[in-house]
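What follows is the residue order along each chain.
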Amino acid sequence: MSRLPLSRESLGSALGSAAVAQAFTMTAIAAALLGHLTRALIGWPGYIAILTGLVVLAAAILVARRDVIEWRGLLPLTVLGFIAWCGASVFWSGAQWMSLAGWVFQAVIALIGITIALCRDLIQIVRAAGGVFRVLLAVSIGLEILSGILLDTPFPFLGIGGNLAVGGPIQGVFGTRNLLGFVAVLALVTHIIELRTRSVQRGTGIASITLAATCLVFSGSPVTVVVSVVILAATSALYAVRRTPAERRPVLQYALLGLVIVTMIATYAGRSRVIDLLNAGGEFQVRYRLWLSTWRAIDANPIEGWGWVGLWRGSVPPFAGINWAVGQEHASALNAYLDVLLQVGTVGFLIFAALCAFAVIRSWLLASNRRTVTYAWPALVVVTILTTGAAESFPLVEGGWLLLVICAVKASESHSWRARLPN
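Here, residues in each chain are numbered from 1, in the same order as that chain's written sequence. Only residues with pLDDT of 70 or above have their local features reported here, since the model is predicted, and side-chain atom pairs are shown and tallied only from 80 upward, although totals for entire chains, interfaces and linings are computed over all residues. Only hydrogens and water are removed before side-chain values are computed, so all heavy atoms of the structure are retained for them.

Student: I tried to follow the packing of helix α9 (residues 222–243) against helix α14 (residues 336–369) on my own but got confused; where do I start?
Tutor: Two packed helices can be described by the angle between their axes and the distance between those axes. Between α9 and α14, the shortest axis-to-axis distance is 8 Å and the interhelical angle comes to 50 degrees. Overall, the two elements α9 and α14 adopt an arrangement that is oblique. Of the residues in α14, those in contact with Ala234, Ala237, Leu238, Val241 and Arg242 of α9 are Trp364, Ala367 and Ser368. All axes are obtained by fitting lines to C-alpha atoms, using only the stretch in contact for helices, and the reported angles, taken between N-to-C directions, cover 0 to 180 degrees. In this description a helix means any DSSP run of H or I spanning at least four residues, a strand means any run of E spanning at least two, and both kinds are numbered starting from the N terminus. Here is the rule for angles: anything less than 35 degrees is roughly parallel, anything more than 145 is roughly antiparallel, 65 through 115 is roughly perpendicular, and the remaining ranges are oblique. Two residues form a contact once any of their heavy atoms are found within 4.5 Å.

Encoded structure:
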């Protein structure tokens, strides 16, 4: 029985379907979060092949949906500007091929994130992320039980220490306890919103929240402790804003903004005391030494930076010198904002700061003024990502960068000034 060739119209219809878009969304989020596991199992060539397939599919989906996507005002100029400046840094980088590879890696993930944001409604993105988080955290706990209890042996090739029986820390499929804790916080936010919107059955929602909380506790991440406190405060503030009558809401918003600014200034002024309080196992002291060494490298090229690479290449300056100075190998500055200053200088930092500021303000206003609780998701996810960025560089690469781009684009849909321009 002969098979009829797939026509261009039927292919376009398939690529433009909701089923393909949802499958693409879940696959892309999983791939971005599972960079460590993928590279551990099949190496960089396999990971690059996966991303290449996703970006080709993303381009095909955008072409198939080109007539239904309203582009005007959707793509934040700050996201495009930051990517463009990182690409320009290739020309003055001392390791141009590495910089080019790092920039392509960044741009590919950004394109995937933009495709998700343009082709999926917010509730659909929340459901897709919730499904991915459930699977990844369940697999993480399963591997930790196998390693730490059943076999009582670590899995070094996966970065699993087998410490579950002694109370942690555990790493799951993410390679580090801080990344596991970061994903667990995102999962908690997502699963609570899923439960509130009845996107999942009550039993599934409660089990998912319990799973995320378990991973959070056993990760033993001091970074995540701080992030959890910030998210709890942000959630409480957002709840108060949403419950306040519309005419009194601006006063409360300005009061909260003032409180945030005062808190940030006080935290910076007392940073030594904060580091002492949070110096669990010397982890923050290690970060502090790395930050000081990174800052010295920033002083050498303060305006334009050393050139964008994303994940550090330990064999080239200034990363080799920084690692030598601290006596440890690091793949990042363990601080997204210092990493931006180091790689793309003050200009790049100002663009990235504008990206973060617009993402926070737009997503917060969206969450404040829309009745559906789903609109709280971008605001809380952005706060989680940017708070974590003070102690990790997750917002700049892989899953953190993907989710930041998605949230920035979704928040821009309703609050971009270009959307109000006449046709």
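Having put the structure on the table, let's press on.
Student: Just checking my understanding: could you explain the environment of Trp291 for this structure?
Tutor: Inspection of the secondary structure puts Trp291 in helix α12 (residues 283–300). Separated by 37 residues in sequence, Trp291 and Gln328 have C-alpha atoms that sit 13 Å apart. Excluding residues within four positions of it along the chain, Trp291 makes contact with Ala333, Leu334, Asn335, Leu338, Ala390 and Ala391. Side-chain polar atoms of Trp291 contact the backbone oxygen of Ala333, separated by 3.1 Å. Contacts described as polar in this section are N or O atom pairs within 3.5 Å, which, within protein, must combine one atom able to donate a hydrogen with one able to accept it, while residues neighboring in sequence count only if both atoms come from side chains.

Student: Explain the environment of Tyr268 to me, please; I cannot follow it from the model alone.
Tutor: One can find Tyr268 in helix α10 (residues 249–269). Each C-alpha atom, one on Tyr268 and one on Gly53, is 44 Å from the other, the two residues being 215 residues apart in sequence.

Student: I would appreciate a short explanation of the nonpolar core in the present structure.
Tutor: Across soluble globular proteins, nonpolar side chains have a tendency to be buried as a group. Residues belong to one nonpolar core when they are buried, are Ala, Val, Leu, Ile, Met, Phe, Trp, Tyr or Cys, and are joined through side-chain atoms within 4.5 Å. When accessible area is computed with a 1.4 Å probe and restricted to protein chains, residues below 20% of their type maximum are described as buried, those above 50% as exposed, and intermediate ones as partly exposed. One finds Phe82, Leu137, Phe174, Trp377 and Trp401 to be the most contacted residues of the largest nonpolar core, which totals 105 residues. Per-element accounting of this core gives the leading share, 11 residues, to helix α7 (residues 177–196). Apart from residues no more than four positions distant in its own chain, Phe82 is found in contact with Gln106, Trp308, Val340, Val344, Gly348, Ile351, Phe352, Leu355 and Trp401. By size, the runner-up hydrophobic cluster in this structure holds 16 residues, among which are Ala297, Ile298, Phe319 and Val326.

Student: Looking at this structure, how should I read α14?
Tutor: Residues separated by three or four positions in an α-helix point in the same direction, a consequence of the helix having 3.6 residues per turn. For a helix, the expected span equals 1.5 Å multiplied by the number of residues minus one. Here α14 is 34 residues long, yet its end C-alpha atoms lie only 30 Å apart, well below the 50 Å a rise of 1.5 Å per residue gives. Of all the bends in α14, the greatest measures close to 130 degrees and is centred on Val344. The N-cap of α14, judged by a side-chain oxygen 2.9 Å from the amide nitrogen of Tyr337 a few residues on, is Asn335. To get the bend at a residue, fit one axis to the 7 residues ending there and another to the 7 starting there, then take the angle between the axes.

Student: Looking at this structure, how should I read the packing of aromatic side chains?
Tutor: Geometrically, a pair of aromatic rings is defined through the distance of the ring centres and the angle of the planes. Aromatic rings from Phe, Tyr and Trp, taking only the six-membered ring of Trp, are treated as a pair when their centres fall within 6.5 Å; an angle between ring planes under 30 degrees marks them as stacked, one over 60 as edge-to-face, and anything in between as tilted. Tallied over the full model, the rule gives 10 aromatic pairs. Between Phe182 and Phe394, the ring centres sit 5.3 Å apart and the planes meet at 40 degrees, which makes this aromatic pair tilted. Taken together, the residues span a long stretch of sequence, with Phe182 in helix α7 and Phe394 in the loop between α15 (376–388) and α16 (398–415) at a distance of 212 residues. Across this residue pair, the class does not change: Phe182 and Phe394 are buried. Relative to Phe352, the ring of Tyr337 lies with its centre 6.1 Å away and its plane at 50 degrees, an arrangement referred to as tilted. Using a relative accessible area of 22% as the deciding quantity, one classes Tyr337 as partly exposed. Looking at Phe352, the relative accessible area reads 1%, which means it is buried. An aromatic cluster of three or more residues is present, and its members are Phe82, Trp308, Tyr337, Phe352 and Trp401. Here, a charge over a ring means that NZ of Lys or CZ of Arg falls within 6 Å of the ring centre while also lying within 35 degrees of the ring normal. Just above the ring of Tyr375 sits the side chain of Arg370; from NZ or CZ to the centre is 5.0 Å.

Student: Got a minute to help me understand the pattern of salt bridges in this structure?
Tutor: It is possible for side chains bearing opposite charge to pair when their charged atoms get close. Think of a salt bridge as a Lys or Arg side-chain nitrogen and an Asp or Glu carboxyl oxygen that are within 4 Å of each other. Evaluation of the coordinates by the stated rule reveals 3 salt bridges. Linking Arg39 and Glu398 is a salt bridge whose minimum nitrogen-to-oxygen distance equals 2.5 Å. With Arg39 in helix α3 (residues 35–64) and Glu398 in helix α16, this residue pair connects regions lying 359 residues apart in the sequence. With its nearest N and O atoms 2.9 Å apart, the salt bridge here joins Glu194 to Arg134. Within this pair, whereas Glu194 is found in helix α7, its partner Arg134 is found in helix α6 (residues 122–150), the two being separated by 60 residues in sequence. Each member of the pair, Glu194 as well as Arg134, carries the same accessibility label: buried.

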